[in-house]
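# Observations on chain architecture
Read off the chains here:
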Amino acid sequence: MKVPQFMPWVGQTEYREIATCFKSNWITEGPKARVFKEKLLEIIGSKYAVLAPNGTLAIYLGLKALRVGPGDEVIVPDFTFIGSATAVEMCGATPVFVDVNRRNFQIDPTLIPPLITKKTRAIMPVHMYGTLVDMPAVVKIAKKYKLQIIEDAAEAIGVHREGKHAGTFGEVGCFSFFADKTITTAEGGLVVTDKAELYERLLYLRNQGRIKSGTFIHPKIGYNLRMTDLQCAVGLAQLSKINQIIIRKKRILSLYQQQLKDIPGITFFAPDTTSEWIPFRVGILVNRAHELMEYLQKKSIETRTFFYPLHRQPAFAYLKKQGYAKKMADSRFPNSLFGSSHGVCLPTFPALTSTQIHYVCKTIKQFLHDQK
Ligand SMILES: Cc1ncc(COP(=O)(O)O)c(C=O)c1O
């Protein structure tokens, strides 16, 4: 049996929705994008939103709207997808990394204050693996130090903490619709905000410095960071299935939990009790994680490691020469390092069957048994 790490759940529904774009002969951003955005706003509960070409560019747009630029620092968790931090670099600013907690690998708010300097402009909590950061704690710090919050909610569409949706706690929230996200448009992104002035800046930034297309007078500097109706058609089809996707993902999680519970040596990624969990991935922590992954691969089961710590990323080594070496010492990131060496993301996607889950769990148990 083969078990892929991920498969997007797309088919006839998406196909039919795309076909209507060809019938109406409207393929660039237009009517589908408008409806897609409205439906997303209903789910998320923000006042304003703009679509973006992907999650990384959504974060970039959000940072630009917050006027983050050269000379500024943004506090970013060490444990996240690199796009959270490269978006900061794209603005000419510096990502300053902070460790996460060991239960669910979310930013540890208690470690933020010592990292705040005169240059700090914003904090970027990242809602990891479909569950929410301790946002009340982050908001408190941001208020105290007069910092802005940009939430990376790429993996958290549909996820709430005490009734409030991911991405709505700070000034801006950013989402991704990449193929492996809860809903996908192949590539795609969204920025939400409740602030009218930020929304206006976002509109200019994403559409060549003008609010509406069809004019060649551009009052401000802006870029082409739009989406296409072809993608939004896929998004609309996905939204029509979002409840089923969430039910399926939660069922997958509970099957893994049932079948791997009480197995010595396995710890589950554990969200805060106040946060909902729509598993982007089902993560477990084990010793010899990388050996386990090789073993599973030999049995045709594809897994992924947890994220590689950003402070160790070769791409960010240049920061050490710019005075950030001490802030990037391994000793500051025990939990992020632990996650990357012990974490295994198990196959998690809507079409995953219970037979496949059973096979994955049986194979994990075999590995642990053989290791005794
Ligand atoms: C936490 C996180 N942030 C940012 C991104 C970037 O999104 P995208 O791949 O759409 O650029 C992703 C997903 O890939 C992500 O998982």
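Residues numbered from 1 in each chain as written. Predicted model: local features only at pLDDT ≥ 70, side-chain atom pairs only at ≥ 80, totals over all residues. Heavy atoms only, no water.

The protein chain is annotated in an unreviewed UniProt entry as DegT/DnrJ/EryC1/StrS aminotransferase from Candidatus Gottesmanbacteria bacterium GW2011_GWB1_43_11.

### Brief notes about the overall build of the protein chain
Going by this rule: Secondary structure elements follow DSSP: runs of H or I no shorter than four residues count as helices, runs of E no shorter than two count as strands, and numbering proceeds from the N terminus. Each residue's exposure class comes from its accessible area (1.4 Å probe, protein chains only) as a fraction of the maximum for that residue type: buried when under 20%, exposed when over 50%, partly exposed otherwise. Every accessible area reported is derived by Shrake-Rupley at a probe size of 1.4 Å, with residue values counting cover from the shown protein chains alone. Counting rule for charge: Lys and Arg are taken as positive, Asp and Glu as negative, and neither His nor the chain ends is counted. For the purpose of locating charges, the reference atoms are NZ of Lys, CZ of Arg, CG of Asp and CD of Glu.
Each helix and strand counted, the protein chain has eleven helices and 13 strands in total. Principal-axis analysis of the C-alpha atoms places the extent of the protein chain at approximately 70 × 55 × 35 Å. The buried share of the protein chain, reckoned over its 372 residues, is 57%. Roughly 16,400 Å² of accessible area belongs to the protein chain as shown, and the carbon and sulfur atoms make up 55% of that amount. One finds the centroid of the 49 positive side-chain charges in the protein chain at a distance of 1 Å from the centroid of its 31 negative side-chain charges.

### Comments concerning empty space enclosed by the protein
Here is the rule: With a 1 Å grid spanning the protein atoms alone, the term cavity applies to any set of points in which a 1.4 Å probe fits but cannot get out, the term pocket to an open set with protein on both sides within 12 Å along at least five of seven lines, and the term lining residue to any residue with an atom within 4 Å of a point. Grid points are joined across faces, edges and corners, and a volume is the space filled by probe spheres set on the points. Classification used: nonpolar for Ala, Val, Leu, Ile, Met, Phe, Trp, Tyr, Cys and Pro, charged for Asp, Glu, Lys and Arg, polar for all others including Gly.
This model, assessed by the stated rule, comprises two cavities of 30 Å³ or more. A volume near 50 Å³ is recorded for the largest cavity. Around the largest cavity, the lining residues are F6, P8, W9, A179, D180, K181, T182, T184, Q238, I245, K249 and P350. For the lining of the largest cavity, the residue count by class is six nonpolar, three polar and three charged.

### Comments concerning the site of the ligand
Using the following cut-off: Distances are taken per atom, and a residue is near a molecule or strand as soon as one of its heavy atoms is within 4 Å of it. Polar contact is the term for a pair of N or O atoms within 3.5 Å; when the atoms are in protein, one must be able to donate a hydrogen and the other to accept it, and sequence-neighboring residues count only if both atoms are side-chain atoms. Criterion for pocket placement: a molecule counts as inside a cavity or pocket if more than half of its atoms are within 2 Å of its grid points.
Around the ligand, the surrounding shell holds 13 residues, and the nearest of these are G55, T56, D152, E155 and K181. At 2.6 Å, a side-chain N or O of T56 approaches an oxygen atom of the ligand. One of the side-chain N or O atoms of S176 is found 2.7 Å from an oxygen atom in the ligand. Contact with the protein chains hides 92% of the accessible area of the ligand, taken as 390 Å² for the molecule alone. In a pocket analysis with a 2 Å cut-off to the grid points, the ligand is assigned to the second largest pocket. Residues of the shell around the ligand, tallied by class, amount to four nonpolar, six polar and three charged.

### Thoughts on the side chain of H127
Mapping H127 onto the fold places it in the loop between β4 (120–123) and α5 (135–144). On the basis of relative accessible area, H127 is assigned to the buried category, the value being 0%. Within the structure, H127 has its side chain in polar contact with the backbone nitrogen of V133 (distance 3.1 Å). Engagement of the side chain of H127 in a polar contact is seen with the side chain of E151, the distance being 2.7 Å.

### Brief notes about the pattern of salt bridges
Using the following cut-off: Only one rule defines a salt bridge in this text: a Lys or Arg side-chain nitrogen within 4 Å of an Asp or Glu carboxyl oxygen.
Counting across every chain of the model gives twelve salt bridges. Measuring nitrogen to oxygen at the nearest pair gives 2.7 Å for the salt bridge that ties R206 to E29. With R206 in helix α6 (residues 196–206) and E29 in the loop between α1 (12–24) and α2 (31–44), this pair connects stretches of sequence that are 177 residues apart. Given the relative accessible area of 24%, E29 is considered partly exposed. Across the salt bridge formed by K181 and D180, the nearest N and O atoms sit 3.0 Å from each other. Judged by relative accessible area, which is 12%, K181 ranks as buried. Among the charged side chains, a network of salt bridges with common partners joins R103, D134, R161 and D272.

### Comments concerning the sheet that holds strand β10 (residues 267–268)
Within a sheet, each strand pairs with its neighbour through backbone hydrogen bonds, oriented either parallel or antiparallel. Short version of the rule: For two strands to count as paired, DSSP must find a minimum of two bridges between them. In this analysis, two residues are considered to be in contact whenever any of their non-hydrogen atoms come within 4.5 Å of each other. Comment: axis = line fitted to C-alpha atoms, over the contacting stretch for helices; angle = value between 0 and 180 degrees taken between N-to-C directions.
Read from one edge of the open sheet, four strands run β10-β11-β13-β12, paired in antiparallel fashion. Of all strands in the sheet, those with a lone pairing partner are β10 and β12 (304–305), marking the two edges. Examined bridge by bridge, β12 and strand β13 (residues 343–346) share two bridges and lie antiparallel to one another. For T305, the partnering residue across the bridge sits in β13 and is V344. Packing against the sheet, helix α9 (residues 289–298) makes contact with β12 and β13, and its axis sits at approximately 30° to β13.

### So, helix α8 (residues 242–260)
Put simply, the rule is: A helix is expected to reach a length of 1.5 Å times the quantity of its residues less one.
For α8, with 19 residues, the first-to-last C-alpha span of 27 Å sits near the 27 Å given by 1.5 Å per residue. Taken together, the buried positions of α8 are I242, I245, I246, K249, I252, L253, L255, Y256, Q259 and L260. Looking at the packing, one finds that the buried side of α8 touches α2, α7 (229–239), β10, β11 (282–285), β13 and α11 (354–371). At the C-terminal side of α8, D262 shows a positive phi close to 60°.

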